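# A look at the structure
Take a look at the letters that make up each chain.
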Amino acid sequence: GKCRIGIHVADVASRVPAGSALFGWAKLRASSAYHHGPHADSDEGGGSVPMLPPTLAHGALSLAENQPRPAVTVWLDVEDGKVVRRSHARTLITNKCATTYSAFGSDVFPRFARARVLLQQLAGTDAAEELVAWTMIEYNSYLASAMAEAAKLGTAAAGLLRVQDDPDKAATYQAISVANLAQQGHARLGLSLYSHMSSPIRRFADLYNQHVLFGSIRALQIAHPVLGVVEGASEGGAEMDADGLAAMNARCDEVKRYHSVSDAMSLAYACRGKPRSFFTSVEGSDDGKSLVVYTASRRVRVQLRDTYFAAAIAAHLAQGFEGQVELCGVLKSGRTQLRVRIPGVTELAPRREILGVDDMGGFGHDGPRDAVAAEAMGTEAAGGRGGAEEFWEEEDFNVPTGDGGVLIQPVEDFDDAVEIAGNVMGYPIDDFQRRSLAVILKKESDLLAMAPTGSGKTAVALLAILQAFARGKRAIYTSPIKALSNQKYAEFKEWFRTKGVNGEVSLLTGDIKIRAPPGTKNELMICTSEILRNKLVKSLSGQPGAEAGGMNMEDPDLERLGCVVSDEVHYINDPERGAVWEETIVHLPQSVQLVALSATLRSPQDFVDWIASARGRPGEVVRRTDRHVPLYVGGLSYTPDPADSEFVALFETHGDRAGTFDQSKFKALFPTAEDVARQREETKAANIANNQMRTGRNAELAANAEVRRGGPPPKGGGGGGG
């Protein structure tokens, strides 16, 4: 038959006048900011920073249970299962039965069951969340049409529509334009007009639209540096200007980014102790850069950035996926971040023993290689079509490289290698780099390249890495500290990109694991020295037949290894950590070329001789002493105001006095031992004199005080004679 459904939203505009201080407060924030707390998928631990003061937002301005409250109501007249009329009015309602999604979806309460059945017929869906969403869309779309009709008649200011012309792009707020209403629809919702009106407590656009709807605001009446307004406007329909709208949209984007980060972190935190499994759906984006994972209470956008199986996941899930998904939280770079594992995707990869995946489809020795960084999504991702079968063809792993002969095939002729290296580097290599390249071309020889800071050692490392690629091998670059590993990762990644090198860079530290795609032929792995040592020791341990020239390749990172670049190799002299470098050199397979870099190693030839005896293969030293980066040793001159001090150079590596220590400046800047002793004596004598003067003065003051109290005058002074 017939019935009427009322959709009630708190009438905040009747309580917060336009132009009031509270209205300005709302404009400043534009939107509320919520977080879910550590229990991301429960009702515990969450919180919010409301657009309006919390005591009002959660109290007097809300539709609290059993409290009469003013509301803006949209009435839906239903006949024979269809909405035939819509209208709106200001009402006064009392919420007699507050509920939740779970309670509304339950059959325990008959009242809810009858309402739910009716809404299911109208909305064509069953889930409680989707039913409520349908009512909000009905509410917002109808009132958007009402504001548009008022704008056509010129009886109200232009309200704010939520406009989206492309379903793959974010929606924005736009002022109603009578001339362009046909272009102000919402593509994803499939609506010709749509506004935000259902949450005036948490969105400024909703509060503003309530005022526009009932004519209580004809123009924005208060100027604000964030949103901007039309100042001095009459009551006749002035609109928020373009700058103001842009500022409000920007502010809403900031809040959305906050929600994205906080949602991802809270969900990751909830999964840190133990991974959580969901039977859910997953979609891939058209560009293959992200996934959308639907959990019980939200949609999570998962970025495919540093994932070992990024291409495989994107291709496999391009049309969507429904099944078991495992989420886990990891601590990375001081922040708890989300990772996801999708069973079945790793099985697509060829040569599973190389990828570190165990027989149960779990993680291998090095952690979750198919893990992905996650952020909570703000907009729905579009699906797409990829080709997993095409991606995993064997020829995809041997894509011919681009220009640059060092990458195409091994080079034996020195002159050819120099020319090719210059082409790849983008400049003619200097004498130090030429001599180093001559050793690198001898794949049976190791190299110790010694040069001051900034004198071309990184270029030597690049030449060695490229030659390893040319030989069909992989390369490892080690550094003594994590920060340097991170820096080198960024440098090599950028260098490969700008030079067109067909290669990938992986990063392994104690905090970060960024993997090249599976099957990468030309891979450079950057790691700390301890990680390489641990991998070598683990591969050799328990293998009685292991020798220096060969090892049981249990660790896939050591397979096809052609070159190891050991930066800052002088750390071998460190009393506490030196053993790391020593064990690395001793356990490194004899077939792997070692390129050691250092600026300050003592007795380099003795060190190379030791390497040769430990590894059973020859080594050579290539050294340069000229320094490209100037070095100055000195101190600051003394002045009463430290800001006026000047640097005094005592020794420098460049300029007219290069290599000469200036003794006269040193004496002027730093006193000798005799000067220090004399100064101490003078200071001591001055302190004694000051103390004596202070003692005498104190005695004089005490005597004068005694006289004032009627006591005898001090001896030797003051009396008259008889």
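To be clear, the structure that these remarks concern was listed above.
In what follows, the accompanying structure is described. Sequence order sets the numbering: in each chain, residues are counted from 1 along the sequence as written. Confidence filtering applies because this is a predicted model: local features only for residues at pLDDT of at least 70, side-chain atom pairs given and counted only at 80 or more, and all residues used for totals across whole chains, interfaces and linings. Note that the side-chain values use all heavy atoms of the structure and ignore hydrogens as well as water.

### Quick notes on the environment of arginine 202
The test is simple: In DSSP terms, a helix is any run of H or I states spanning at least four residues, a strand is any run of E spanning at least two, and both are numbered starting from the N terminus.
When you line up the elements, arginine 202 lands in the loop between strand 7 (172-175) and helix 6 (204-213). Sequence spacing of arginine 202 and methionine 51 is 151 residues, and the spatial spacing of their C-alpha atoms is 5.3 Å.

### Points about the side chain of arginine 615
The following threshold applies: Here a polar contact is taken to be a pair of N or O atoms separated by no more than 3.5 Å, where protein atoms must pair a possible hydrogen donor with a possible acceptor and residues adjacent in sequence count only if both atoms sit in side chains.
Note on placement: arginine 615 falls in helix 18 (residues 604-615). A distance of 2.5 Å separates the side chain of arginine 615 from the backbone oxygen of proline 589, its partner in a polar contact.

### Here's the deal with the pairing of strand 14 (residues 446-450)
We apply this condition: Only protein chains enter the accessibility calculation, which uses a 1.4 Å probe. A residue is then buried if its area is under 20% of the maximum for its type, exposed if over 50%, and partly exposed in between. Two strands make a pair as long as DSSP finds a minimum of two bridges between them.
When you tally the buried positions in strand 14, you get 5 out of 5 residues, the bulk of the element. Burial of the side chains of strand 14 extends over both faces: Asp446, Leu448 and Met450 are buried on one face and Leu447 and Ala449 on the other. Pairing geometry for strand 14 and strand 21 (residues 619-623), over 5 bridges, is parallel. Looking across to strand 21, one finds that alanine 449 is bridged to valine 622. Here 4 bridges tie strand 14 to strand 20 (residues 593-598), and the two strands are oriented parallel to one another. Looking at the pairing, leucine 448 lines up with alanine 596 of strand 20.

### Focus: the sheet that holds strand 18 (residues 523-528)
The strand order across the open sheet formed by 8 strands is 17-16-18-15-19-20-14-21, and the pairing between neighbours is mixed. Two strands in the sheet have a free side with no partner beyond their single neighbour: strand 17 (513-514) and strand 21. With 2 bridges joining them, strand 16 (residues 504-508) and strand 17 adopt antiparallel strand pairing. If you follow leucine 507 over to strand 17, its bridge partner there is isoleucine 514.

### Topic: the packing of aromatic side chains
For clarity, the cut-off: Stacked, edge-to-face and tilted are the three classes for Phe, Tyr and Trp ring pairs, Trp counted by its six-membered ring, which pair at centre distances within 6.5 Å; planes under 30 degrees apart are stacked, over 60 edge-to-face, the rest tilted. Either the NZ atom of lysine or the CZ atom of arginine qualifies as a charge over a ring when it sits within 6 Å of the ring centre and within 35 degrees of the ring normal.
Using the criterion set out here, one finds 9 aromatic pairs in the structure. For the ring pair phenylalanine 607 and tryptophan 610, a centre distance of 6.1 Å and an interplane angle of 20° mean the geometry is stacked. Here phenylalanine 607 pairs with tryptophan 610, and both are found in helix 18, just 3 residues apart, close to one helical turn. In textbook terms, an aromatic cluster arises when at least three aromatic residues are bridged by ring pairs, as seen for Phe469, Tyr477, Phe492, Trp495 and Phe496. The ring of tryptophan 25 is capped by arginine 29, whose NZ or CZ atom sits 3.9 Å from the centre of that ring. The side chain of arginine 90 reaches across the aromatic face of phenylalanine 214, ending 4.1 Å from its centre.

### Thoughts on helix 5 (residues 128-153)
To keep things clear, this is the line we draw: What a helix is expected to span follows from its residue count: subtract one and scale by 1.5 Å.
Relative to the 38 Å expected for 26 residues at 1.5 Å per residue, helix 5 spans 38 Å between its end C-alpha atoms, a close match to the ideal helical length. Downstream of helix 5 by a residue or two, glycine 154 has a phi angle that is positive, lying close to 75°.

### Points about the sheet that holds strand 1 (residues 2-10)
What counts is decided by this rule: Angles shown run from 0 to 180 degrees and are taken between the N-to-C directions of axes, each axis being a line fitted to C-alpha atoms and, for helices, limited to the stretch in contact.
Here 3 strands make up an open sheet; going across it, the order is 1-4-5 and the pairing antiparallel. Of all the strands in the sheet, just strand 1 and strand 5 (82-94) have a single pairing partner and so form its edges. Averaged over all adjacent pairs, the angle separating strand axes in this sheet is 25°, with direction ignored.

### Side note on the pattern of salt bridges
Formally: The working definition used for a salt bridge is a side-chain nitrogen of Lys or Arg within 4 Å of a carboxyl oxygen of Asp or Glu.
Going through the model one piece at a time under the given rule, you end up with 24 salt bridges. The shortest N-O distance in the salt bridge between arginine 85 and aspartate 77 comes to 3.4 Å. Taking the relative accessible area as the measure of exposure, arginine 85 reaches 46% and is therefore partly exposed. Since its relative accessible area comes to 11%, aspartate 77 is described here as buried. A salt bridge links aspartate 446 to arginine 615; its shortest N-O distance comes to 2.7 Å. Here aspartate 446 is found in strand 14, whereas its partner arginine 615 is found in helix 18, with 169 residues between them in sequence. Given a relative accessible area of 3%, aspartate 446 falls into the buried group. The class of arginine 615 is buried, set by a relative accessible area of 3%.

### Overview of the environment of leucine 122
Here is the rule we go by: Contact between two residues is taken to exist if any of their heavy atoms lie within 4.5 Å; hydrogens are not considered.
Residue placement: leucine 122 occurs in helix 4 (residues 110-123). For leucine 122, a relative accessible area of 15% gives the class buried. For the pair formed by leucine 122 and lysine 82, sequence separation is 40 residues and the distance between their alpha carbons is 6.4 Å. Once residues lying within four places of it in the same chain are set aside, the contact partners of leucine 122 are Ile5, Val78, Gly81, Lys82, Val83 and Trp134.

### Here we look at unusual backbone geometry
Backbone geometry follows two general trends: most residues other than glycine have a negative phi, and most peptide bonds adopt the trans configuration. Backbone geometry places alanine 30, a non-glycine residue, at a positive phi of 70°. Tracing the chain through its elements places alanine 30 in the loop between helix 1 (21-29) and strand 2 (33-35).

### A look at the pairing of strand 20
Heads up, the condition is: Crossover handedness is defined by viewing with both strands directed away from the observer: a clockwise path from the first strand over the helix to the second marks the crossover as right-handed.
Burial within strand 20 is extensive, with 6 of its 6 residues counted as buried. Burial along strand 20 is two-sided: the residues Gln593, Val595 and Leu597 and Leu594, Ala596 and Ser598 are all buried. Where strand 19 (residues 561-566) meets strand 20, 4 bridges bridge the pair, whose relative direction is parallel. The residue of strand 20 that forms the bridge with valine 564 is leucine 594. Considered for its hand, the β-α-β crossover made up of strand 19, helix 17 (residues 578-587) and strand 20 is right-handed.

### Regarding helix 14 (residues 457-470)
For helix 14, with 14 residues, the first-to-last C-alpha span of 20 Å sits near the 20 Å given by 1.5 Å per residue. With 13 of 14 residues buried, helix 14 lies mostly within the body of the structure. Directly beyond the C-terminal end of helix 14, a positive phi value near 80° is found at glycine 472.

### Some points on the nonpolar core
Stated precisely, the cut-off is as follows: Throughout this description, the term nonpolar core refers to a set of buried Ala, Val, Leu, Ile, Met, Phe, Trp, Tyr and Cys residues connected via side-chain atoms within 4.5 Å.
Counting residues in hydrophobic clusters, the biggest one holds 58 residues, and the most contacted among them are Val12, Tyr139 and Met248. Sorting elements by how many residues they give to this core places helix 5 first, with 12 residues. Judged by nonpolar contacts, the second largest core, of 43 residues, contains Ala464, Val505, Leu597 and Val622.

### Thoughts on the packing of helix 12 (residues 414-425) against helix 14
To be explicit about the condition: Reported orientations rely on four angle classes, namely roughly parallel under 35 degrees, roughly antiparallel over 145, roughly perpendicular from 65 to 115, and oblique for the rest. Each helix crossing is assigned a hand: it is left-handed if the near helix lies turned anticlockwise from the far helix by less than a right angle, otherwise right-handed if that turn is clockwise. Think of it as three bins: nonpolar holds Ala, Val, Leu, Ile, Met, Phe, Trp, Tyr, Cys and Pro, charged holds Asp, Glu, Lys and Arg, and polar takes everything else, Gly as well.
Following both chains from N to C, one finds helix 12 and helix 14 inclined at 110°, their axes separated by 11 Å at the closest point. Considering their axes alone, helix 12 and helix 14 lie roughly perpendicular with respect to each other. Pair helix 12 / helix 14 crosses with right-handed handedness. For the pair helix 12 and helix 14, contact is made by Ala421, Val424 and Met425 and by Ala459, Leu462, Leu463 and Leu466, respectively. Across the contact of helix 12 with helix 14, the residue classes break down as 7 nonpolar, no polar and no charged.

Remember, this is a structural readout, not a statement about activity or role.
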